[in-house]
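# Structural overview for review
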Amino acid sequence: MEKATEEPIGKKTDAPVKGEAAIKPEFLTTKEKFHGFVDSEWRGPKGDKASENEKVEETKVTPPVEPDAKKLKLDSEESNKFVKPDGKRIRGQNKSRPHTKPTTYDEKRLCLSVLQDNRECPFGDKCHFHHDVAEYMATKPADIKESCYLYDTFGKCAFGLTCRFAKAHTTPDFKTMENAELIKACEGKTPVKNSLSKDLQNRLRKRSVSFKKSEEYLKTLSNNRDKREQQGNDDACAAEVSADQTGGDQQAATKAETQASPDKQPPVKTIGPLTDVDVIKLRPCEKKQVDFQDKLYLAPLTTCGNLPFRRVCKRFGADITCGEMAMCTNLLQGQQSEWALLKRHESEDVFGVQVEGCFPDTMTRCAELINNNTDVDFVDINSGCPIDLVYKKGGGCGLMTRTRKFEQIIKGMNYVLDVPLTVKIRTGVQEKSNIAHKLIPEMKKWGVSMITLHGRSREQRYTKLADWDYITTCSKLASPVPLFGNGDILSYEDAMKARETGVSGIMIARGALIKPWIFTEIKESRHWDISSNERLDILRDFTNFGLEHWGSDTRGVEKIRTFMLEWLSFMCRYIPVGLLERVPQKINERPPYYMGRNYLESLMASQHVGDWVRISEMLLGPVPTNFNFLPKHKANAYK
């Protein structure tokens, strides 16, 4: 391939623009030349393109012509939608993103009765699905590849004829083949745990699940509240007597008031284990122990932190993984989509789930539900979520300012859990008003097993660097309870500096999305100049894991594509080490327009959503004609 550096460079090679990464001048280019190169090479001759760019087999197949709306770059008028009047880029989220239903991409699906050994359809002529297999196969989208990952791995594909790789395991007379040896080898294995059973889902919907330990704890809360109210009434009476007396002894008046009602029963019985829950606690040695010291913790990432992505990070050396944030009310209602966030793969040896809520009753019941029906190593409370939907209800960061509720939630969850309880917090709510240092000593008394501190406030979001000096202060206050630091880790040098602050471990969030191999870099103390083909292999692994998790039919394939595109909106920020003028890249530095060392490296550097779709097509085939995707962050839509 002719290197992009042979083209005239249309960018100044002076000092880099503030906020942009320093890239070697020979790789810099302009926006017009970058997109012109990416577009022209993608549409170039098939043979030349494959040999020049050293692409793998999938990229040798030129996909069919795509809709103009996806192929064309935004013109000057459209591009103004993403620019403010002062010339700055729009920030924030696309909150009104279209949510495409998974069934949208299936024009007409095959009836379940046909898939299940051609049994008679109970709906007869009223059924809206295909019953003629030959007709269905004629209208079904073309297969993506000749081999099926599920069939090659497990010996059979549960999606049969609907699989987008069906040719690999379908006979000419439309029968599904099976590999008996592989099936026998996989027999008895349960690679994914914590699935929601139909029985539990029905009982949750009918509200027939028993929460015995939660009710015991909540009863003590009610009794304590009554006791406080009674104490307040007694204090008011004592004050009234004191006011009526002139020069009398206040203690004598209080004693007389107490003796005046000898038949009055105390509001709380002070005998027995059930009412002494605030005194008789489960000893730490009776709870499951987790060694958090010096571990690399993959943060719970909403949307992108799904099970296939966590599997990718585990292969690169992540020690601790955690499921995406789950709403406690949705879990208690038995919502299948919310319970999917609790699923655990067998490769996740230290795994926890993160729950969000704002009331002691729902959070305590949710903790008991998780404790009795899932296999987890710890449960994490999200008290750091900054989004309005959560914060305005009093959850997420809102808990940090509602200390009484926060205390009741932590003590209640601790009472019902047999595993450690951890908490994730921010520095505070307002930017210049840190409150974490006040909360941490209290949380130690409440019984948390580990604290994670994100070095930013809710108001700050990602506009400034994380405050690691403040994290240092808080880690000393937290001792001996482990405290993990979180914020701005994108290289092993960042991790080494973070460890010098005295934290027990490091949580990595955006750094893992931009470069999931960061865990390997930290453990091996090196900068990995990973090639574009190696990065494509990572995406291929994610695709295969996704086929296991979401399925290999059209619905599953398009779900994988959507999550891959969400991930690529972060991954495109990575700048190869060999192109940097100053190593390492900082997380707050955005890449300028640059040409990679081959076509695939340039394509992966694009911040245009259409180019991310092209990368997905290399692994998942052409997008459907009605495909639609809008990035989560406005800044990623187009620059």
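The sections below set out a description of the structure shown in this document. Keep in mind the model is a prediction, meaning the values are calculated, not measured.

### A short note on the overall build of the protein chain
Check the secondary structure of the protein chain and you find 26 helices and 11 strands. For the protein chain, the accessible surface area stands at approximately 31,700 Å², while carbon and sulfur atoms represent 51% of it.

### Describing the pattern of salt bridges
Under the definition given, this model contains 29 salt bridges. The partner of R597 in a salt bridge is E601, with the nearest N and O atoms 3.0 Å apart. For E601, a relative accessible area of 2% corresponds to the buried category.

### Brief notes about empty space enclosed by the protein
Counted according to the given criterion, the structure contains 5 cavities of 30 Å³ or more. Volume-wise, the second largest cavity comes out at about 60 Å³. Considering the residues around the second largest cavity, the lining is formed by L490, S491, K515, E521, H527, Y574, I575, V577, L580, V583, P584 and Q585.

### Considering the packing of aromatic side chains
Applying the stated rule across the entire model yields 13 aromatic pairs. For the ring pair F34 and Y593, a centre distance of 5.7 Å and an interplane angle of 55 degrees mean the geometry is tilted. Residue F34 is located in helix α1 (residues 31-42), and its partner Y593 is located in the loop between α24 (554-571) and α25 (599-604); the two are separated by 559 residues in the primary sequence. There is no split in this pair, since F34 and Y593 are both buried. When the ring of F292 is compared with that of F378, the centres are 5.8 Å apart and the planes differ by 75 degrees; the resulting orientation is edge-to-face. With F292 in the loop between α11 (250-259) and β2 (296-298) and F378 in strand β7 (residues 378-383), this pair connects stretches of sequence that are 86 residues apart. Taking relative accessible area as the criterion, F292 reaches 4% and is therefore assigned buried.

### What about the state of the cysteines?
Two cysteines form a disulfide when their sulfur atoms are joined by a covalent bond. The final tally for this structure, using the stated rule, is 0 disulfides. Not part of a disulfide, C157 finds its nearest cysteine sulfur in C163, a span of 3.8 Å. Relative accessible area serves as the criterion here: at 7%, C157 is assigned to the buried category. Lacking any disulfide linkage, C397 is separated from the closest cysteine sulfur, that of C385, by 7.2 Å. By relative accessible area, which is 0% here, C397 ends up buried.

### Some points on the packing of α24 against helix α26 (residues 609-620)
Between α24 and α26, whose axes approach to 10 Å, the crossing angle comes to 140 degrees. If you check the angle between α24 and α26, you find them oblique. In this structure, α24 meets α26 at a crossing whose hand is right-handed. On α26, the residues that touch V557, I560, R561, M564, L565, L568 and S569 of α24 are W612, V613, I615, S616, E617, L619 and L620. Across the contact of α24 with α26, the residue classes break down as 10 nonpolar, 2 polar and 2 charged.

The rules behind each value
- Residues numbered from 1 in each chain as written.
- Predicted model: local features only at pLDDT ≥ 70, side-chain atom pairs only at ≥ 80, totals over all residues.
- Heavy atoms only, no water.
- Helix = DSSP H or I, 4+ residues; strand = E, 2+ residues; numbered from the N terminus.
- Areas by Shrake-Rupley, 256 points an atom, 1.4 Å probe, with all protein chains shown as cover.
- Salt bridge = Lys/Arg side-chain N within 4 Å of Asp/Glu carboxyl O.
- Buried < 20%, exposed > 50% of the residue type's maximum accessible area, 1.4 Å probe, protein only.
- 1 Å grid on protein atoms, 1.4 Å probe; cavity = no way out; pocket = protein on both sides within 12 Å on 5 of 7 lines; lining within 4 Å.
- Points joined across faces, edges and corners; volume = space filled by probe spheres on them.
- Phe/Tyr/Trp six-rings, centres within 6.5 Å; stacked < 30°, edge-to-face > 60°.
- Disulfide = S-S within 2.5 Å.
- Axes fitted to C-alpha atoms, helices over the stretch in contact; angles between N-to-C directions.
- Parallel < 35°, antiparallel > 145°, perpendicular 65-115°, else oblique.
- Left-handed = near helix turned anticlockwise from the far one by under 90°.
- Contact = heavy atoms within 4.5 Å.
- Nonpolar A, V, L, I, M, F, W, Y, C, P; charged D, E, K, R; others polar.

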